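# Coordinate inspection notes
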Amino acid sequence: MEMINCKINGIAVSVPKGSTILEAARYAGVDIPTLCFLKDINEIGACRICVVETTGARGLVTACVYPVAEGMEVQTNSAKVQAARRTTLELILSTHDKKCLSCVRSNDCELQKMCRDYGVEMAEKYDGFRPTYELDLSTAHLVRDNNKCILCRRCVAACRQQFVSVIGANDRGIDTHIGTPFEKQLADVPCVSCGQCEVVCPTGALVEKDDTGKVWDALADKSKTVIVQTAPSIRATLGESFGMPIGTNVEGKMVAALRRLGFDKVFDTDFGADMTIVEEATEFVDRVKNGGVLPMITSCSPGWVKFAEYYYPDQLDHLSSCKSPQQMTGAIIKTYYAEKNGLDPKDIVVVSIMPCTAKKFEVGRDDQDAAGVADVDVALTTRELARMIKRAGLDFVNLPDEEFDNPLGDDTGAAVIFGATGGVMEAALRTANDVLTGKDNEALEFHEVRGTDSIKEATYNIAGMEVKVAAVSGIASANYVMSRIKDGTAPWHFVEIMCCPGGCVNGGGQPIQPASVRNFTDLKALRAKALYDQDEAMALRKSHQSPAVKMVYDEYLGSYGSHKAHEILHTSYTGRKKYN
Amino acid sequence: MKKKISKLPFRGTAEQERQLHEVIGKYKSDPSRLMTVMQEAQEIYGYLPIEVQQMIADGMNVPLEKVYGVATFYAQFALSPKGVYNVSVCLGTACYVKGAGDLFNKISEKLGIGADECTEDGRFSLTACRCIGACGLAPVLTVNNDVYGRLTVDDVDGILAKYND
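Rules used throughout
- Residues numbered from 1 in each chain as written.
- Chains lettered and ligands numbered in written order.
- Predicted model: local features only at pLDDT ≥ 70, side-chain atom pairs only at ≥ 80, totals over all residues.
- Heavy atoms only, no water.
- Salt bridge = Lys/Arg side-chain N within 4 Å of Asp/Glu carboxyl O.
- Helix = DSSP H or I, 4+ residues; strand = E, 2+ residues; numbered from the N terminus.
- Phe/Tyr/Trp six-rings, centres within 6.5 Å; stacked < 30°, edge-to-face > 60°.
- Lys NZ or Arg CZ within 6 Å of the ring centre and 35° of its normal.
- 1 Å grid on protein atoms, 1.4 Å probe; cavity = no way out; pocket = protein on both sides within 12 Å on 5 of 7 lines; lining within 4 Å.
- Points joined across faces, edges and corners; volume = space filled by probe spheres on them.
- Pairing = 2+ DSSP bridges.
- Domains from an automatic or database assignment.
- Contact = heavy atoms within 4.5 Å.
- Buried area = accessible area lost by both parts, 1.4 Å probe.
- Polar contact = N/O pair within 3.5 Å; in protein donor to acceptor, adjacent residues only side chain to side chain.

### Structural notes on the pattern of salt bridges
All names here are of chain A. Going through the model one piece at a time under the given rule, you end up with 42 salt bridges over all chains. The residue E208 makes a salt bridge to R383 at a minimum N-O spacing of 2.8 Å. With E208 in strand β9 (residues 206–208) and R383 in helix α13 (residues 382–391), this pair connects stretches of sequence that are 175 residues apart. Note that R365 is salt-bridged to E309, the shortest N-O span being 2.6 Å. Of this pair, R365 sits in the loop between α12 (358–362) and β14 (378–381) while E309 sits in helix α10 (residues 302–311), placing them 56 residues apart in sequence. Via salt bridges that share partners, E426, R430, E445, R450, D535 and R541 belong to a single interconnected network.

### Re the packing of aromatic side chains
To describe a pair of aromatic rings, you give the distance between the ring centres and the angle between the ring planes. Enumeration according to the criterion identifies 17 aromatic pairs over all chains in this entry. Where Y74 of chain B meets F77 of chain B, the ring centres are 6.5 Å apart and the plane angle is 80°; that geometry is what we call edge-to-face. By way of ring pairs, the aromatic residues F163, W304, F307, Y311 and Y312 of chain A are connected into one cluster. The cationic tip of R26 of chain A hangs over the ring face of F520 of chain A; the distance from NZ or CZ to the ring centre is 3.8 Å. Sitting over the ring of F242 of chain A, K390 of chain A keeps its end group 5.3 Å from the ring centre.

### A short note on empty space enclosed by the protein
Residues and elements named next belong to chain A. Considering all chains together, one arrives at six cavities of 30 Å³ or more under this definition. Surrounding the largest cavity, 30 residues form its lining, C300, S301, P355, K359 and C504 being those nearest its centre. Only α10, α11 (325–340), α12 and β17 (494–498) provide two or more residues apiece to the lining of the largest cavity. With three residues, β17 is the largest single contributor of residues to the lining of the largest cavity.

### What about the pairing of strand β2 (residues 11–16) of chain A?
All names here are of chain A. Here strand β1 (residues 3–8) pairs with β2 via six bridges, running antiparallel. The residue bridging I4 from the neighbouring strand is V15, located in β2. The antiparallel hairpin formed by β1 and β2 contains two residues in its connecting segment, where N9 sits at a positive phi of about 50°.

### Thoughts on the domain arrangement of chain B
Split into domains, chain B comes out as domain 1 (14–73) and domain 2 (85–161). When each unit is reduced to the centre of its C-alpha atoms, the spacing between domain 1 of chain B and domain 2 of chain B is 30 Å.

### So, the interface of chain A and chain B
Note: interface size is frequently given as the accessible area lost on complex formation between the parts. At the interface, 18 residues of chain A touch 19 residues of chain B. Of all residues in chain A, D171, R172 and F182 of chain A give up the largest surface area on contact with chain B, accounting jointly for 49% of the area buried on that side. One can count zero salt bridges joining chain A with chain B. Run the count over chain A and chain B and you get six residue pairs in polar contact (both at pLDDT 80 or more). Mapped onto the side of chain A that touches chain B, the elements with two or more residues apiece are β7 (168–170) and β8 (177–179) of chain A. With three residues, β7 of chain A is the largest single contributor of residues to the side of chain A that touches chain B.

This is how it looks when you write it as structure tokens:
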């Protein structure tokens, strides 16, 4: 590789040709602040926070997109640079709604940190017209507050990466704002609720709709049995909210924290994931044997399901009719578990902790009410749970490790890997292989569908049958799959689709990592590794071997895919109009 | 200035749609011609309501928000139709110092519409223009192709009344 020699603040470094000043500075151990820059997603050099002085250029240049040249000498922190950054920050603040005291992003706001680092006052330095905007509260998952927006366009780029592009920059000059076509409410445009805009927003302009109040109320209500379930990926990410390294598995501490918050039972959505697998594998085998619609596509990811409903309403019969693990767990709690324990489903509040903002949308969907009441009452994101733990004053890092409650706390390695792209496919293959061959097979790992690539394809020989599969993450790739299905060229039998790039570990409800971390760390891979490590260490690694799953079928549902299982664990889909 | 979005119902005809699809057909292989298509669409329809922008987005295979973002960035694109009579008040320097601002406000109040808007009956629209080269007659306004000069706010009622057919 051709190397370039340059100096950053007098420190000589040798970096690969094509590196930007921002990247070269990392080699010299220097962090250059950025606001608009997101590696591979938003490289537009617009905010001008990252400006530096360099030889070979008259003015200040933007380090995020300016390539280094041989012999270049860069000053990243000169008086001139600092003054320029300070002015930029003052101008951004001049139209910023400075409600830092109560802002949910206070302390992890990138703008706030930068103002603190550069000693920029909150005082109104610049008078004049200041545009004000109404909050968009129209969706179940998101609060859009343009008064806190700094127009960095990271959300616009993330939305474009997710194919739907429902937000963009509207109008111009002082009136420029991030909005939807014709200034519609977000609920009236084909937003898939993925929340990728939220995890890239540097400020509090895009935040999840906070449902913690509902949970505090339920916990305080003695007439309610409040049961919590946690999604597979939460254990791999929650620790980040408490300063623990990315990829730390905190399952035990998470359970301890939930118990101390006052939940009556702490169950594991992994149970629902195992249920999903046995039902989905059964459905797949049935489709193959009886000439059903193929490829069959997984339906665990509500953002993906919503996308299909908006963009491919005539192809919905490709989706598995299985409810997602969140909904299956809720449905079993309010039917089987309620009956077994003499509880009225109306007095049970099921709270789910999810990596996902679209789960907030999913709990309110039609046909998700097995016991006549909503399967799940409140879906919280990982971030909201972290806030509850903080408010309760729990010393998370030093909590003991505790176990999930019985009986719906059992899980298998197959369920754990649901949180990463390819995980659902691998879990389903493990079970389908055993079901079709009628024995306990050795081949547990399907490496071809692992990894963070957006599309992974493989062909497996299962019980003498060639099964072509694909594991797909991100809506742009989902759209590719659907376009192939629509034009009749799709070669696959079974496709897993997750809405967020990299799967749930990178979901829109996960802890927010600032651009300074995102730009230089593969969040998806680090978080997924925690799940695959746990899977490998487990004794039970196939969903159909879960004791809880066996018990629920033996005592309640009968066989996989039974009539009763269909009533409780399956759902339906509906085409949606894109613009209302 | 933030662009106003018309609430008037879309009155596009099959012939206009045919023309638009012809334009899109010509340019759809080249996404960089989005603005060309939008300009021609505005010539066909007079403005770019959501129905037209949606046809452009679908035809050019770009998100609707991209079309809307362009439409609101450039002053030449209109989100409201022109009325049967378009009243254009010159707010250039000479006209402005001679009281064109008051003139504009009076018309705005009388018609109940702001800049770049159209009355609900579709008869009048109001725009502000820069110099039309008739500074000697300042302040001036035009109603379609008729020019009126040396005006005061008291002339407004009389001028509008002429177009009450």
